[in-house]
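Listed below, chain by chain, are the residues.
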Amino acid sequence: MFDALTRQPDDPLLALIGLFRADERAGKVDLGVGVYRDETGATPIFRAVKEAEKRLVETQPTKAYVGPEGDPLFLDRLWELTTGDAGRGRATAGLQTPGGSGALRLAADLLARMGTKGIWLGLPSWPNHASIFKSAGLEVVTYPFFDVPAQSVQFDRMMEALGGAAPGDAVLLHASCHNPTGANLTDDQWRAVSALIAEKGLLPLVDIAYQGYGRGLDEDAAGLRTLLTAVPEALVAVSCSKSFGLYRERTGAIYAACSNAETALSVRTNLAALARTSYSMPPDHGAAIVSMILGDAALKADWMAEIEAMRLRVTAIRERLAAGLSGRWQVLTSIREQEGMFSLLPLEEAQVLKLRAEHAIYMPTSGRINIAGLKTAEVDDVIAKFLSL
Ligand code: LMR
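Calculation rules
Residues numbered from 1 in each chain as written. Predicted model: local features only at pLDDT ≥ 70, side-chain atom pairs only at ≥ 80, totals over all residues. Heavy atoms only, no water. Near = heavy atom within 4 Å. Polar contact = N/O pair within 3.5 Å; in protein donor to acceptor, adjacent residues only side chain to side chain. Areas by Shrake-Rupley, 256 points an atom, 1.4 Å probe, with all protein chains shown as cover. 1 Å grid on protein atoms, 1.4 Å probe; cavity = no way out; pocket = protein on both sides within 12 Å on 5 of 7 lines; lining within 4 Å. Sits in = over half its atoms within 2 Å of the grid points. Nonpolar A, V, L, I, M, F, W, Y, C, P; charged D, E, K, R; others polar. UniProt positions renumbered as here; feature names shortened; annotations may be inferred. Helix = DSSP H or I, 4+ residues; strand = E, 2+ residues; numbered from the N terminus. Salt bridge = Lys/Arg side-chain N within 4 Å of Asp/Glu carboxyl O. Buried < 20%, exposed > 50% of the residue type's maximum accessible area, 1.4 Å probe, protein only. Points joined across faces, edges and corners; volume = space filled by probe spheres on them. Domains from an automatic or database assignment. Contact = heavy atoms within 4.5 Å. Pairing = 2+ DSSP bridges. Axes fitted to C-alpha atoms, helices over the stretch in contact; angles between N-to-C directions. Buried area = accessible area lost by both parts, 1.4 Å probe.

## Observations concerning the site of the ligand
Alright, step 1. Taken together, Leu13, Val33, Gly34, Trp126, Asn179, Tyr210, Lys242 and Arg368 make up all the residues around the ligand.
Alright, step 2. Here an oxygen atom of the ligand sits 3.0 Å away from a polar atom, N or O, in the side chain of Trp126.
Alright, step 3. With respect to the ligand, the side chain of Lys242 contributes an N or O atom lying 3.3 Å from an oxygen atom.
Alright, step 4. The fraction of the free accessible surface of the ligand (260 Å²) that becomes covered by protein chains is 81%.
Alright, step 5. The site holding the ligand turns out to be the largest pocket.
Alright, step 6. Here the residues of the shell around the ligand sort into 4 nonpolar, 2 polar and 2 charged.

## A short note on the UniProt feature "domain: Aminotransferase class I/classII large" (unreviewed entry) in the protein
Alright, step 1. Mapped onto the present numbering, the UniProt feature "domain: Aminotransferase class I/classII large" (unreviewed entry) falls at residues 28-385.
Alright, step 2. Within residues 28-385, the helical portion is 45% and the strand portion 15%, while the C-alpha atoms at the span's ends are 12 Å from each other.

## Some words on the pattern of salt bridges
Alright, step 1. The final tally for this structure, using the stated rule, is 20 salt bridges.
Alright, step 2. Residues Arg88 and Asp85 are paired through a salt bridge, measuring 2.6 Å at the closest nitrogen-oxygen approach.
Alright, step 3. A relative accessible area of 61% places Asp85 in the exposed class.
Alright, step 4. Each of Glu51, Lys54, Arg55 and Asp296 takes part in a single network of salt bridges with overlapping partners.

## Quick look at the layout of surface pockets
Alright, step 1. Of the volumes computed, that of the largest pocket is approximately 1,100 Å³.
Alright, step 2. Surrounding the largest pocket, 43 residues form its lining, Val33, Gly34, Val35, Lys242 and Tyr247 being those nearest its centre.
Alright, step 3. Sorting elements by how many residues they give to the lining of the largest pocket places helix α1 (residues 12-22) first, with 5 residues.
Alright, step 4. The two domains that each donate at least three residues to the lining of the largest pocket are domain 1 (10-45 + 299-387) and domain 2 (62-297).
Alright, step 5. Size it by volume and the second largest pocket reaches roughly 330 Å³.

## Brief notes about the environment of Ala256
Alright, step 1. Checked against the element boundaries, Ala256 lands in strand β10 (residues 252-257).
Alright, step 2. A relative accessible area of 5% places Ala256 in the buried class.
Alright, step 3. Ala256 sits 156 residues away from Gly100 along the chain, and the two C-alpha atoms are 14 Å apart.
Alright, step 4. Once residues lying within four places of it in the same chain are set aside, the contact partners of Ala256 are Ala91, Thr92, Ala93, Ala234, Leu235 and Val267.

## A short note on the sheet that holds strand β3 (residues 118-123)
Alright, step 1. Reading across the sheet, the 7 strands line up as β2-β10-β9-β8-β7-β3-β4 and stay open at both edges, with mixed pairing between neighbours. Either end of the sheet is taken by a strand with one partner, and the two such strands are β2 (92-97) and β4 (139-144). Neighbouring strand axes in the sheet, compared pairwise and without regard to direction, differ in orientation by 20 degrees on average.
Alright, step 2. In this sheet, strand β8 (residues 203-208) lies alongside strand β7 (residues 170-174) in parallel orientation, the contact comprising 5 bridges. Its bridge partner lying in β8, Leu172 is registered against Leu205.
Alright, step 3. The strands that helix α8 (residues 222-230) touches are β8, β9 (234-239) and β10; relative to β8, the one it contacts most, it runs at about 160 degrees.

## Side note on the domain arrangement of the protein
Alright, step 1. Domains assigned within the protein are domain 1 (10-45 + 299-387) and domain 2 (62-297).
Alright, step 2. Tallying the contact residues gives 26 residues for domain 1 and 35 residues for domain 2.
Alright, step 3. Surface buried jointly by domain 1 and domain 2 totals about 2,600 Å² across both partners, of which 63% is contributed by carbon and sulfur atoms.
Alright, step 4. In terms of surface lost to domain 2, no three residues of domain 1 exceed Trp303, Glu339 and Leu344, which account for 28% of the buried area on that side.
Alright, step 5. Our enumeration of links across domain 1 and domain 2 arrives at 16 residue pairs in polar contact (both at pLDDT 80 or more).
Alright, step 6. Counting residues per element, the side of domain 1 that touches domain 2 draws most heavily on helix α11 (residues 297-325), which supplies 8 residues.
Alright, step 7. A per-class count over the side of domain 1 that touches domain 2 returns 16 nonpolar, 6 polar and 4 charged.

See the structure below:
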């Protein structure tokens, strides 16, 4: 009976992990999956995470189920971190989820259950966005976001396209550190798109997965906060994978900001019912760590200092790449203004494959590079290899 299935292609991003591991060449460079690496090439466990884990091992009283909603304290603390003043006191339905992808899938299932027809997705976007929404039965409609050859946001075209959305349509926005382009909206552009969303009665779904890696923890959430003050309802999918380095612990949350407490309660019961028929209850370990860090002044300060140091390392590498690559591609000076882990280089697939075959430099065929995967010591060499294309 299994013969009814046809073989599926590997996820291109995740397949890169295996290809890179299997490459035995010394000096290979992994600019693939969005994972932070330090100057030794390791993905460190945050000091505050290690400490919280130790305390958890000693003090955790049980491994009994957490329930489909997860831990309310974790949800409150993460909401505060993400939305600050804009979220405080707002009627909200939150659910702890298995990572940011789990949050996005629950959001998509909720939209489908609400009868939402289309979800607008800026191009290019994280490839899994469209796959998740389509799996939930939503129709994906696209709007132009980023012009790769010009390395700039196509804001006028984006607004024009969204102007054609029907009331009740959902719109996916990246809060900051856009994946895959690193490009972001200015404060004025956030205000303008928020006003358009409110005026047209659209439902924004904001994906925030890299808070702290762009301009700073508050700065990276500023656009989302502007939006929240302008719209009556919004969905926010939060990932703790990168911001707390908890990738494999699958830690995240989905929130619905609602216009009143009664609606929030109804949304929460729907999200919980959807979770129950999917994975039943979320994993706890990562959320317990995040909650402990955010609830402890010393741990929080240490976590903030560590993520700031990571941010500065990425920013310094951006500077070097921008200076080096703009010699050949003038537009790539904009790598300096882009933020977070990614930039999207104007490369042909054949050039990406050549870098892989001849120089053991790994990146997806889209031309996206994970800047946080580069060591300072290898930047000049990597630049030289790009220039040799
Ligand atoms: C990425 O875009 O590389 C990350 O978000 C990891 C993933 O799951 O694709």
